[in-house]
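Notes for the structure review
Each chain, letter by letter, is given below.
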Amino acid sequence: MSGSLIIRDENVGNPVASGVAKHVTIPVTGMTCAACQSFLQRELANQAGVKDATVNLMLHNATVTFDPGATSISALVEAIRGTGYGADLPLEHQSVLDEQEEHDETQLREYRQLRQKAVVSLIAGGAAMLLSMPLMTINSGAGMERMKDPLMNWTMRVVDPLLRSALPWMYDLSADAIRWFLFVLATFILSSAGRRFYIKAWAALRHKTADMNTLVALGTGAAYLYSAASTIAPGFFVARGVAPDVYFEAAILIIGLVLAGNTLESRAKGQTASALRKLVQLQPKTATVLRDGIESNVPLESIQNGDHVVLRPGERIPTDGEVISGRSSVDESMLTGESLPIEKTVRDKVIGGTLNQRGSLQYRATSLGADSMLSQIVRLLREAQGSRAPIQRIADRISSVFVPAVLGIAIVTFAAWRVLAPHAGVMQAFVAAVTVLVIACPCAMGLAVPTAVMVATGRGANYGILIKGGEALQRLEKIDTVVLDKTGTITAGRPEVTDFLLTSSDSNTAMSQRTNEDDVLRVTAALERASEHPLAEAVVKYAAERGLNLPQAHDFESFPGLGVVGVAGGETVLIGNAALMKKHGVTIEPLKATAERMSEEGKTPLWIAIDGALAAILAVADTIKPSSIEAIRKMHDEGLRVAMLTGDNEHTAQAIARQVNVDEVIAGVLPAGKVEAIRRLQTEHRVVAMVGDGVNDAPALAQADVGLTMASGADIAMDAGDVTLMRSDLNGVAAAVTLSRRTMRVMRQNLFWAFVYNVIGIPIAAGALYPAFGIMLSPVIASAAMALSSFSVVTNSLRLRRLQLD
């Protein structure tokens, strides 16, 4: 598994004995595009001892599976630093909640810094654009070659007359003064706000690679150097018939617009992680603990297992635990997706981060820190958001050759203009090549899949669906058959008494005086109390609910497959199936029709005989969850075929199937046969999802194309399947499929538009439309288009946050 698990190894700096591979997630800074991600991933994968490496552009980290006998975490960190990117050793003893909080703070700081630099650059670019206007008229000497920039041509035609009227003093300035001022301004902006692009481009060059920073650095650097030469030696250009125009405003605005795009992208990326941020914010910082009879408010980290925590109305529950006194209702919707509050009383489990509503509780703290459900959910969600969907490989393959290809296209563009249109001049070729460099954007392709995975897994978590990553998300889309384990999935998993009927007094003289149901139930439950069978537990619970005091049973004897015999209340009691009654000579004719009806309804009839005479019949059934029928209907609406898998006999299974309307029944299957049942469906070319409890069904869940686990209590069974359903019903199955299908559609849209943007934009930037329509793109417009392309991909992914799953 490739996930965001930060290992806690005391021997962080040195290799240890070779053994089982370990996983580590290393924070990485400095990545800006898919080319960065692809390059760093290849470099890590080539390190000695590394078995697998996944670099995540969205989360700014690298997850590495490595052999601790061949390398160490510190060596991996140094390998990352050696590529020009920043990396730090994972902090020891830092909880996953603290890690996420720190990540959010870092992302917020990055957003604010980008915003500040973008605003300063754009203001400076606007001023430079205005000051460039007089230069266009000052140097408009006859016969001089000029760059045919449509943006500048438009401003000369429309804006220039307005500026002459509003700011006449600007046109009185000398050309040299304006050039030198713009030179100083551009030098300041490029060396401050734009510094990051040049540093990263140089680092990439040293490692014989290229990325988005290379394109930005080359485009702005070329415009700046040409303009600097025009400023320092204008006579050189004039002597050769070329106007000594400067394009400082283009270099500044390109930096400003790219930074503005990065700012929008950073803000949108922060929104994709909103589900994680909300989960982290659920945990309160302090708790009220009762120690030695004294209540005190203590920091969360000082709570110990077994501490008694006092909870008042309206407070968030600080840790997982078990209620020891009080009664209340708890809102668990943020963690489980359950819309209605859950009633809590003595011995019930409570979950840290959930909201106590109207009552007061006192509970014993149990799972703390990394063992708490909230920490497990955050860890699982981080791993999911850091994972890669198989469709990402398309973007990876394109990104690996994208920047070198763009550099080649820019060179070809310059050469083509010089050869095919020599009359246009060297400046026209120059602007076309610069525009090609500026408009190309590998970022959009790199963000197309990870942003969708992040938003989708976060949306699923809000609904109580924990998807383990991009691969599971993509496989879910192809599902056409859902296999539901009956017990605990369709049904509640807790047998209950549904019917209790006495024999008629007219049909049995020996029972003519026995008309009180409680008398029969009392001795029945007393005997069943000595049994460990699940059906016996249902009978005992039924008697307890009726408030019966049970006598002591003795001479208890169990007959496997038949029932039990013993003495209770001074009477000999037999409880079991028809075969047990026959063995002891008890006639069952009076209630035989009733028993057959019960079986047809999917119930298990238990015969009760007292002192050799039939006394009553009792039916026990694992009741169907109220939500199962509606959930299966939703699966049908998604075009899914639904099968029920059960160990029950065919007759009982068909009775349950009729009630819930499943398409197929696979009955009489022992636990060991579930895998074979799944495999048989797969041989029929079906793509199968298995839904089970995550423990007994683990082999079948692993065999299925996608395994969905029904979480129970505080155990979310993360290792049992690909998807964990936090709700106690099946509604999450159809919702998970809907989420997967919509997410894959968004991923394909993102990849399509990211690819098409470059396919269309680069030829236009090169001048493909100029011969027929006279259309050329300005480098400034190209930089704006490039900035918006990444933002549009992230924004498209954010639509998944509004996806209705109910």
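Going along each chain's sequence as written, the residues are numbered from 1 onward. Reporting in this predicted model follows two pLDDT cut-offs: at least 70 for local features of residues, and 80 or more for side-chain atom pairs to be given and counted; totals over whole chains, interfaces and linings ignore these cut-offs and use all residues. Excluded from the side-chain calculations are hydrogens and water; all other atoms, namely the structure's heavy atoms, are used.

1. Considerations on the sheet that holds strand β4 (residues 86-87)
Pairing between strands is defined by DSSP: at least two bridges between the two strands are required. Secondary structure elements are taken from DSSP: a helix is a run of H or I of four residues or more, a strand is a run of E of two residues or more, and numbering for both begins at the N terminus. Within the open sheet, the 4 strands sit side by side as β2-β3-β1-β4. Their pairing is antiparallel. Of all the strands in the sheet, just β2 (50-56) and β4 have a single pairing partner and so form its edges. Sheet topology note: the β2/strand β3 (residues 61-66) ladder contains 6 bridges and is antiparallel. Bridging across to β3, Thr54 finds its partner in Thr63. Residues count as neighbours in contact if any of their non-hydrogen atoms are within 4.5 Å of one another. Lines are fitted to the C-alpha atoms to define the axes, a helix being fitted only along its stretch in contact, and any angle between axes, read from their N-to-C directions, falls within 0 to 180 degrees. Sheet strands in contact with helix α2 (residues 73-82) are β1 (22-29), β2, β3 and β4, and its direction is about 30 degrees off that of β1.

2. Describing the nonpolar core
Counting residues in each nonpolar core, the largest one holds 148 residues, and the members touching the most others are Ile80, Val482, Leu484, Met635, Leu730 and Met747. Of all the elements, helix α26 (residues 731-766) adds the most residues to this core, at 15 residues. Think of a nonpolar core as a cluster: buried Ala, Val, Leu, Ile, Met, Phe, Trp, Tyr and Cys residues, connected wherever their side-chain atoms sit within 4.5 Å. Partly exposed describes any residue whose relative accessible area lies between the buried limit of under 20% and the exposed limit of over 50%, with all areas from a 1.4 Å probe on protein chains only and scaled to the type maximum. In terms of nonpolar packing, the next biggest core, distinct from the first, is built from 25 residues, Phe500, Ala526, Leu548 and Ala616 among them.

3. Remarks on a nonpolar patch on the surface
Nonpolar side chains collect at one region of the surface, where Phe755, Val759 and Ile760 lie side by side and expose about 280 Å² of accessible area between them. Here Ile760 is to be found in helix α26. What makes Ile760 partly exposed here is its relative accessible area of 48%. Grouping into patches uses exposed residues only, defined as over 30% relative accessible area, and leaves out salt-bridged ones; the cut-off is 9 Å for like charges and 5 Å for nonpolar side chains (Val, Leu, Ile, Met, Phe, Trp, Tyr). To be clear on the numbers: accessible area is Shrake-Rupley with a 1.4 Å probe, and residue cover counts the displayed protein chains and nothing else. Each reported salt bridge corresponds to a side-chain nitrogen of Lys or Arg within 4 Å of a carboxyl oxygen of Asp or Glu.

4. Details of the packing of helix α13 (residues 392-420) against helix α15 (residues 443-463)
Between α13 and α15, the shortest axis-to-axis distance is 9 Å and the interhelical angle comes to 160 degrees. With respect to α15, the element α13 is oriented roughly antiparallel. Once α13 is placed against α15, the crossing between them reads as left-handed. On the side of α13, the interface is formed by Gln392, Ala395, Ile398, Ser399 and Phe402, while α15 contributes Met445, Gly446, Val449 and Pro450. Split by residue class, the contact of α13 with α15 holds 6 nonpolar, 3 polar and no charged. Angle categories are assigned with fixed cut-offs, so that under 35 degrees is roughly parallel, over 145 is roughly antiparallel, 65 to 115 is roughly perpendicular, and the rest are oblique. By definition, turning the near helix anticlockwise from the far helix through less than a right angle yields a left-handed crossing, and turning it clockwise yields a right-handed one. Gly is put with the polar residues, along with every residue not named as nonpolar or charged; the nonpolar set is Ala, Val, Leu, Ile, Met, Phe, Trp, Tyr, Cys and Pro, and the charged set is Asp, Glu, Lys and Arg.

5. A word on the confidence of the model for the protein chain
The score called pLDDT rates the predictor's confidence residue by residue, from a low of 0 to a high of 100. On average, residues of the protein chain score 81 in pLDDT, and 88% of them reach the 70 mark or higher. Ranking the elements of the protein chain by mean pLDDT puts helix α4 (residues 150-166) last with 70 and helix α22 (residues 628-637) first with 93. Of the regions scoring below 50 in pLDDT, residues 140-147 engages in 26 contacts with residues more than four places distant in sequence or in other chains. Low pLDDT, under 50, characterises residues 505-515; the stretch is placed with 15 contacts to residues that sit more than four places away or in other chains.

6. Re the packing of aromatic side chains
Two rings from Phe, Tyr or Trp (for Trp, the six-membered ring) form a pair when their centres are within 6.5 Å of each other. A pair whose planes differ by under 30 degrees is stacked, one over 60 is edge-to-face, and the rest are tilted. Under the defined criterion, the tally for this structure stands at 9 aromatic pairs. Residues Tyr226 and Tyr247 carry aromatic rings whose centres are separated by 5.9 Å and whose planes lie at 35 degrees to one another, so their mutual orientation is tilted. Taken together, the residues span a long stretch of sequence, with Tyr226 in helix α7 (residues 212-232) and Tyr247 in the loop between α8 (234-238) and α9 (248-272) at a distance of 21 residues. Since its relative accessible area comes to 9%, Tyr247 is described here as buried. Joined through ring pairs, the aromatic side chains of Trp180, Phe183, Tyr224 and Phe248 make up one cluster.

7. Some thoughts on helix α21 (residues 592-600)
Burial in α21 covers these residues: Thr594, Ala595 and Met598. Within α21, the buried residues cover an arc of 100 degrees as seen down the axis, which keeps them to one side. Lining the buried residues of α21 we find β16 (491-502), β20 (604-610) and β21 (613-624). Following α21 by one or two positions, Gly602 adopts a phi angle in the positive range, close to 85 degrees. What the arc measures is the spread of directions leading from the helix axis to the C-beta atoms.

8. Some details on the sheet that holds strand β10 (residues 342-344)
As a general point, the strands of a sheet are linked pairwise by backbone hydrogen bonds and lie either parallel or antiparallel. The sheet built from 3 strands is open, its strands ordered β10-β9-β12 with antiparallel pairing. Of all strands in the sheet, those with a lone pairing partner are β10 and β12 (355-356), marking the two edges. The pairing of strand β9 (residues 328-331) with β10 spans 3 bridges and is antiparallel. Among the inter-strand pairings, Ser328 is bridged to a residue of β10, identified as Lys344.

9. Observations concerning a negative patch on the surface
For the purpose of charge, His is not counted, nor are the chain termini; Lys and Arg are scored as positive and Asp and Glu as negative. Every charge is mapped to an atom, namely NZ of Lys, CZ of Arg, CG of Asp or CD of Glu. On the surface, Asp98, Glu102, Glu105 and Glu301 cluster together into a patch of negative charge. Examined against the element boundaries, Asp98 turns out to sit in helix α3 (residues 96-138). Among the residues examined, Asp98 registers a relative accessible area of 38% and is labelled partly exposed.

10. Here's the deal with the pattern of salt bridges
The final tally for this structure, using the stated rule, is 26 salt bridges. Glu322 is the salt-bridge partner of Arg364, the closest N and O atoms lying 3.4 Å from each other. Taken as a pair, Arg364 in strand β13 (residues 361-365) and Glu322 in strand β8 (residues 321-326) lie far apart in primary sequence, 42 residues in all. Residue Arg364 is classed as partly exposed on the basis of its relative accessible area, which comes to 30%. On the basis of relative accessibility, which here comes to 18%, the residue Glu322 falls in the buried class.

11. Some details on a positive patch on the surface
There is a patch of like positive charges on the surface, built from Lys278, Arg742, Arg745, Arg799, Arg801 and Arg802. Tracing the chain through its elements places Arg801 in the segment after α28 (779-798). The exposure class of Arg801 is partly exposed, given its relative accessible area of 38%.

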